[in-house]
Structure formats: structure tokens, C-alpha cells
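An overview of the molecular structure
Chain residues, written in single-letter form:
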Amino acid sequence: MARIYIKPTDRVFVLTGAGMSAESGIPTFRDTNGLWRNYRIEEVASPDAWRRDPQLVWDFYSMRRTVAAAAQPNPGHRALAALERTLGSPLFLCTQNVDNLHEQAGSRPLHMQGELFKSRCERCRVPFDDTNSSLPPLADAVVTGPTDDERFWGLAHEALGMKLIGGIEHVL
């Protein structure tokens, strides 16, 4: 393979996709044993799916979190992290993957399609770190409970690791 020389004035854009994470054991969506073989995208990966069957959507993403949490960065992730350390800001790493394997390897990617370990409160839209692989306490109530009861939402947010401060929810 020929060497690539990067000058100090060069800017480098790297885009990674499913193949990068597949090397770490994370299933892709479209290959023979991919995630879409058991699900249609409309059933598990859309706002309509969440409104129709939040438990199925949560279970699907919980399964994906469990698999991703067990995965480790592979040599490709580590090589890109080393390149990022060497080049600094002239390197822009963008990924289509939703796992955090680039971060585990030491990179700071931009996630094009969201992040598997971040969720957003359905009511207040505040994002929070989410490593749960099962429903947290009160989550069933959060999905189906009354939306006008502030005491209820305070308890629900607390269960999700959030607290209400001056009318704005914050991650604990």
C-alpha cells in the first residue's frame, strides 16, 4: 500500500460506517444476519413506532445497548484515534454508527445518526446519558402516564436520573 503524506495545511475527513463496528461484533442492519431481518424499520426506529409500541422500540434499543456495551474498539478504531491525536483539529471524524466505540478508543467523532447511549425525555426533550438496557423504574408510567401531573413528572425524571430545577430539567 502506498503511503499517504499529510501536509500541515491539509484537512482530513474520515467517514466510518457499519463495517467499522461490525469488526467489533456489533451487527449491521443490512447484511444476511442483520438487524432488519427480524424488524421492519418502521416498527422500531421511528417516532410513529414509539407512539404505537414504545415497549417494542425500547426493547429493540435496549438489546442494541447491551450488545454495544459488551463490544470493544478494534484496531481500526484505535488507528483513527491515534491519527486524531497526531493530526489534531485538521482531522474531522464523522460516523454513521450510533455506538461509542470511537470514543472508547479516544476519538471525538460527530455522530450523524445519533448516539445509542443518549436518550431524550419525551416530555421535556432534555437529553441524558442512557446506559440502561432495561426500562428504569417508572418508565412504563413515563410512556403511558398522565402528562399534566407535575408531581408525577418530577418522580419520573428522578427515576431517569434527572431533576427539575427552576422549571428546567437537568441531568443529575
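Everything that follows concerns the structure shown earlier in this document.
Here we summarise the structure given alongside this text. (Residues numbered from 1 in each chain as written. Predicted model: local features only at pLDDT ≥ 70, side-chain atom pairs only at ≥ 80, totals over all residues. Heavy atoms only, no water.)

1. Topic: the environment of glutamate 23
Tracing the backbone through its elements, the reader meets glutamate 23 in the loop between helix H1 (18-22) and helix H2 (41-44). By relative accessible area, glutamate 23 is classed as exposed at 65%. A sequence separation of 50 residues divides glutamate 23 from proline 73, and the C-alpha atoms of the two residues are 8.7 Å apart. (Helix = DSSP H or I, 4+ residues; strand = E, 2+ residues; numbered from the N terminus. Buried < 20%, exposed > 50% of the residue type's maximum accessible area, 1.4 Å probe, protein only.)

2. So, the pattern of salt bridges
The final tally for this structure, using the stated rule, is four salt bridges. Of the charged contacts in the structure, one is a salt bridge between aspartate 48 and arginine 51, with a shortest N-O distance of 2.5 Å. Separated by three residues within a single helix, aspartate 48 and arginine 51 lie in helix H3 (residues 47-52), roughly one turn from each other. Ionic pairing is found between aspartate 129 and lysine 118, a salt bridge with its closest N-O pair at 3.0 Å. (Salt bridge = Lys/Arg side-chain N within 4 Å of Asp/Glu carboxyl O.)

3. Observations concerning the packing of aromatic side chains
The final tally for this structure, using the stated rule, is three aromatic pairs. Residues phenylalanine 13 and phenylalanine 92 carry aromatic rings whose centres are separated by 5.7 Å and whose planes lie at 15 degrees to one another, so their mutual orientation is stacked. One end of the pair, phenylalanine 13, is in strand E1 (residues 12-16); the other, phenylalanine 92, is in strand E2 (residues 91-95), with 79 residues separating them in the sequence. What makes phenylalanine 13 exposed here is its relative accessible area of 53%. Taking relative accessible area as the criterion, phenylalanine 92 reaches 40% and is therefore assigned partly exposed. Taken together, a centroid distance of 6.4 Å and an interplanar angle of 50 degrees make the contact between tryptophan 50 and tryptophan 58 tilted. We classify tryptophan 50 as partly exposed; its relative accessible area is 21%. (Phe/Tyr/Trp six-rings, centres within 6.5 Å; stacked < 30°, edge-to-face > 60°.)

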